[in-house]
Structure formats: structure tokens, C-alpha cells
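Listed here are the chains, written in short residue letters.
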Amino acid sequence: MTSEPIKIGYCLSLTGALGANGQTARLTHQIWQEDVNARGGLLGREVSLVCIDDQSNAASVVGIYESLLSEHHVDLLIGGYGNNSISPAMPLVIKNEKFLVGLMGLGVNNELHYNRYFAMIPTGSDPNVALTEGFFYTASRQSPRPKTVAILAADADFTKNPIAGARINSAQFGFEVVSETKYSLATTDFVPVLQSLEPRDPDVLFLCSYLNDSVGLVRAIPESGIAPKVIGGAMIGPQSTSVQKQLGPLLNGLVNYEYWLPTAKMAFPGVEKLMSSYQKRATGTTADELGYYVAPMAYAQLQVVEQAVRETGGLSDADLAEYTHAAKFRTVVGDVRFAESGEWAQPRVLTVQFKNITSNDVSEFTNPDAQAVLYPAEYVSGTMTYPYVARGGSS
């Protein structure tokens, strides 16, 4: 290898509210870095990752990317975990005409239409709809068929896109949205929030919540006395091992989204080896213990960069973007192609239901039967338990 490494720069939320997911991505990126360097690096050069903590503060992102370009002189950029770490950087990325593969940002490029941006989140060219299409499709197939939907969401920017998608999907699958309620992120007691729903017992309760409020809402459901037939939708938190360990059997019956799970149908080449390595190294750290939600996508993110660099033979942002629009990528999350928008050409958001959970032990969630994949059809691993019953036992 030559003495000068290829430097890939980015920010992650390693501390603050998004710290666990950021640490998961960071550990996974380090595993990829070790793997690629063990294979001889890229273009005969070692690969170095320059990762700076944005502290879950979107206001710090622009300054970080400015420093990556002007002070660290990185060769390539990638995007951080979510919208807060990616969207603020986009004007600078566009100004400098940089190639950028983001991780979990939802709909980052919807209005920008920047042709050098790509996303690893598998929500396709209509991400607002794709995130919860399976939730509403699956609900519409139950008998007796549910008819009404109440939307309950955090009063925050991140809920705007999922709510818009929920309204579109409700109309598409013949549901009537009867209410939309917002709560403050400062809320700690969710029983009054749930009891104030109008009507009190909608057939479907669509929740769009963040980590701490997801925990509060699930814990409050039994005490609130409400009885929706389907509950869940766009909750951030139930994918996290720490949240799963907090809630245990209370999660039974909840329907939510995922991007990858350790099922037989998702045993793509390389993913088992990655997850084994990741879980061993995550033990005793602040990264997510199991890593199902972020780790496979984070590794695939850098596999996309790796393949593009190898196949173009250089670091030209223009060449990398042109190749990425045209190529098929072999990754640990399967084969991926990108649409003109930079999103996945074919969306692949999983709709899952928690089942058969009897304790709060992490081992419960390593069992593929703990989350039945309900949608899409090619990855289905179980059927939906209907109607939802708020209880602590198995579903």
C-alpha cells in the first residue's frame, strides 16, 4: 500500500439522544474498515475513517463537514445515521459536488433532487409511503376489517414525513383517519394522552414516536384502557435492544417496521459473519447489543462505496455517482440498485409483529419467532395476531 490513506469523512451521533444508533454504526464501520484493509485496501491504499461526533445536534453538522473538507482534507464523504446528521450537510455537499451515500435519512433527497446522493434506508423512491405501506396493507387484510385510524405522534419535525405517508396509505387501503393528535417530546405520562384520544377506541392506532416516548406509550397502553385492534406503525425505539429489554412482553402484538431481521429468507451472503463479529464486539459497549436495525445497513453503506471505488478505479465524485446509478451492488443486505432519486429502486421495508415474548431477557429477541415478518410477501415469516390485546404475556 502507498503511505497516504484514502480518507472517508463523516459525522455520527455518538452521544446524545441518538448515541446508541450512532455507536452501532460506528462499530460496524470499523469492522468494514478492518475487513477492507485486510483485503489490501482500495486502489492499493489503506482506508482511514474520519468520524466526528455531532452530539445528536443538527446545528453542528455543517461545521463538521466544512472541517472534513478544509482541515482533514478527506477524499470522500458519507452521510451519518439519520436526517439530523445528513440534511444539514446537503447544501455544502451539493456546493462541492460531492458523492454521498447516507445511512438512515428518510426522504432527504425528496426536494433536492441531487444526482450524487444515495441512501441505504430501503424505503425506495416514495419513502413516506413505503415506511408504513405494509402496516396499512396488513391491517386491511384482517377480519373483521378495521375501518378507522387515529394518528398519535410526537410534535417534532421527524414525524412529518411518516404522518404524510400514513394519510396516503390510509386512503389507499380504505381507512378513515378520524383524528391526528400531537404530544410534546417532554411528555412523561402518556396515560392521559392515550385516554384523551377521540374517538377513544379507533380500530387502528398509528403511533409515530421516538425512543423515550415509545417506551412511555407502550407502558401506558394497558393502564389507559384503550382497545384498538391494531397498534404501532412508525415507532422509533422498538428496534433497539435496550428498549426491547425494558419492555419485554409488553411489546407482544405491536406492529412496527424493520429493515433486516435474522430470518432464513434474509440470510444474505456475509450477513451472518458480520452480525457474529458485531455482537461479540458490541458486548460491554454503548452500541446496540444485537444491532439488527443499524449494523447490516451501515456495513452495506460502505460496501457500496467500496464497490464503486474499485469498479471506477478512482475517487472522482462524478464517476462514482454515475457508476452507482447504473450498477447492482452485492451487499450483506442483498443485491441493491438505486433509482434516479438515489433511493433504493425497489423498497424493502419490513412490517413485523412482536410475538411469543415471555421475559425481558435479550435472548428472547435473538429468536426469529420473536418478530414475525408480515410484509412484504417474499419475506413473510408468520401471520398477524389480531386483534391487539394489551397485556404482558405472550401474544
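A short tour of the structure in this document, coming up. (Residues numbered from 1 in each chain as written. Predicted model: local features only at pLDDT ≥ 70, side-chain atom pairs only at ≥ 80, totals over all residues. Heavy atoms only, no water.)

When you go through the protein residue by residue, the secondary structure sums to twelve helices and 14 strands. The globule rule puts the C-alpha radius of gyration for 395 residues at 21 Å, and the 21 Å found for the protein is close to it. On the principal axes, the C-alpha backbone points of the protein span a range of 65 × 40 × 35 Å. Long-range pairs, those at least 24 residues apart, make up 69% of the contacts in the protein with a sequence separation of at least 6. Summed over all atoms, the accessible surface of the protein reaches about 15,300 Å², with 48% contributed by carbon and sulfur. In the protein, which carries 28 positive and 39 negative side-chain charges, the distance between the mean positions of the two groups comes to 5 Å. (Helix = DSSP H or I, 4+ residues; strand = E, 2+ residues; numbered from the N terminus. Rg over C-alpha atoms; globule rule 2.2 N^0.38 Å. Contact = heavy atoms within 4.5 Å. Areas by Shrake-Rupley, 256 points an atom, 1.4 Å probe, with all protein chains shown as cover. Lys, Arg positive; Asp, Glu negative; His and termini not counted. Charge placed at Lys NZ, Arg CZ, Asp CG, Glu CD.)

Next up on the list: the state of the cysteines. Each disulfide is one covalent bond, formed between the sulfur atoms of two cysteines. Overall, the coordinates contain zero disulfides when judged by the stated rule. Cysteine Cys11 shares no disulfide, and the gap to the nearest cysteine sulfur, in Cys51, comes to 7.6 Å. (Disulfide = S-S within 2.5 Å.)

Turning to its location among the elements, Asp288 is positioned in the loop between helix H10 (271-282) and helix H11 (295-312). An unpaired buried charge is present at Asp288: no salt bridge exists, and Lys245, the closest side chain of opposite charge, is 8.9 Å distant. At 2.7 Å, the side chain of Asp288 and the side chain of Thr241 are in polar contact. Filtering out sequence-adjacent residues up to four positions away, Asp288 remains in contact with Ala20, Thr24, Ser240, Thr241, Ser242, Tyr278 and Ala282. (Buried < 20%, exposed > 50% of the residue type's maximum accessible area, 1.4 Å probe, protein only. Salt bridge = Lys/Arg side-chain N within 4 Å of Asp/Glu carboxyl O. Polar contact = N/O pair within 3.5 Å; in protein donor to acceptor, adjacent residues only side chain to side chain.)

With respect to the helices and strands, Ile86 occurs in helix H3 (residues 83-86). Sequence separation between Ile86 and Ala372 is 286 residues, and the spatial gap between their C-alpha atoms is 31 Å.

This part is about the packing of aromatic side chains. The full count for this structure, using the stated rule, is 18 aromatic pairs. Consider the rings of Phe135 and Phe206, whose centres lie 5.9 Å apart with planes at 70°: the pair is edge-to-face. Separated by 71 residues along the polypeptide, Phe135 in helix H5 (residues 127-140) and Phe206 in strand E8 (residues 204-209) bring together distant segments of the chain. With a relative accessible area of 2%, Phe135 lands in the buried category. Between Tyr257 and Tyr259 the ring centres are 5.5 Å apart and the planes differ by 50°, which places this aromatic pair in the tilted class. (Phe/Tyr/Trp six-rings, centres within 6.5 Å; stacked < 30°, edge-to-face > 60°.)

Here the focus is helix H6 (residues 160-172). Here H6 contains 13 residues, and its C-alpha end-to-end distance of 19 Å stays within 8% of the 18 Å for a straight helix at 1.5 Å per residue. Taken as a whole, H6 has its buried residues at Pro162, Ile163, Gly165, Ala166, Asn169 and Ser170. End-on view of H6: buried residues confined to an arc of 160°, all on one side of the axis. Every exposed residue of H6 that faces more than 90 degrees away from the buried side is listed here: Lys160, Ala171 and Gln172. At its buried positions, H6 is contacted by H5, strand E6 (148-154), strand E7 (176-183), E8 and strand E9 (230-235). Of the residues flanking the end of H6, it is Gly174, one or two places downstream, whose phi is positive at about 80°. (Expected span 1.5 Å × (residues − 1). Arc of directions from axis to C-beta.)

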